[in-house]
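Here's the letter readout for the chains.
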Amino acid sequence: LERLSQDSIVEALADVPHDFRDVIVLVDIGDFAYADAAQILDIPIGTVMSRLHRGRRILKKNLADRTITA
């Protein structure tokens, strides 16, 4: 399998819409709990879970697209 460069990963994350990216950064990279992310972003915890799910799906597609075109 081809490996993506760190720059490609950063670019793929940057292409995720802002609202989804914020949640991914807090929960997946910053290792914050859902409740903490909800408090930081001032949104309901259910919204955190929804945005995280959708954001991960967008990020996965962006990474797959970069792998195919690389």
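How each quantity is defined
- Residues numbered from 1 in each chain as written.
- Predicted model: local features only at pLDDT ≥ 70, side-chain atom pairs only at ≥ 80, totals over all residues.
- Heavy atoms only, no water.
- Helix = DSSP H or I, 4+ residues; strand = E, 2+ residues; numbered from the N terminus.
- Buried < 20%, exposed > 50% of the residue type's maximum accessible area, 1.4 Å probe, protein only.
- Contact = heavy atoms within 4.5 Å.
- Areas by Shrake-Rupley, 256 points an atom, 1.4 Å probe, with all protein chains shown as cover.
- Lys, Arg positive; Asp, Glu negative; His and termini not counted.
- Charge placed at Lys NZ, Arg CZ, Asp CG, Glu CD.
- Salt bridge = Lys/Arg side-chain N within 4 Å of Asp/Glu carboxyl O.
- Patch = residues over 30% accessible without salt bridge, like charges linked within 9 Å, V, L, I, M, F, W, Y side chains within 5 Å.

A.B. asks: Help me out: how do you make sense of the overall build of the protein chain in this one?
C.D. replies: Each helix and strand counted, the protein chain has 4 helices and 0 strands in total. Overall, the protein chain shows an N-to-C arrangement of helices and strands of α-α-α-α. Taken along the three principal axes of its C-alpha coordinates, the protein chain extends 40 × 20 × 20 Å. Within the span of the protein chain, comprising 70 residues, buried residues form 26% of the whole. A fraction of 58% describes how many contacts in the protein chain between residues 6 or more apart in sequence connect residues 24 or more apart. Carbon and sulfur atoms make up 55% of the accessible area of the protein chain, which totals about 4,900 Å². Across the protein chain, the mean location of the 9 positive side-chain charges is 7 Å away from that of the 11 negative side-chain charges.

A.B. asks: Help me understand unusual backbone geometry, please; the structure alone is not making it clear to me.
C.D. replies: What is expected of a backbone is that most residues other than glycine have negative phi and most peptide bonds are trans. A positive phi angle, near 60°, is found at Asp31, a position not held by glycine. Among the secondary structure elements, Asp31 is positioned in the loop between α2 (18–29) and α3 (34–41). Phi angles above zero are rare outside glycine, and Asp42 is one such case at about 55°. Secondary-structure assignment places Asp42 in the loop between α3 and α4 (45–69).

A.B. asks: Honestly, the pattern of salt bridges in this entry has me stumped. Any pointers?
C.D. replies: For the coordinates displayed, the defined rule picks out 3 salt bridges. When the shortest N-O distance is used, the salt bridge between Arg66 and Asp15 registers 2.7 Å. Pair noted here: Arg66 is in helix α4 and Asp15 is in the loop between α1 (6–14) and α2, with a separation of 51 residues, a long-range link. The partner of Asp65 in a salt bridge is Lys61, and the shortest N-O contact between them spans 2.9 Å.

A.B. asks: I keep staring at a nonpolar patch on the surface and nothing clicks. Help me out?
C.D. replies: A contiguous nonpolar patch, built from Tyr34, Ile45 and Met49 and spanning about 260 Å² of accessible area, is present on the exposed surface. Mapping Tyr34 onto the fold places it in helix α3.

A.B. asks: What is the right way to look at the side chain of Asn62 in this model?
C.D. replies: Within the fold, Asn62 resides in helix α4. Since its relative accessible area comes to 13%, Asn62 is described here as buried. When sequence neighbours within four positions are dropped, the list of residues in contact with Asn62 reads Ala12, Asp15 and Val16.

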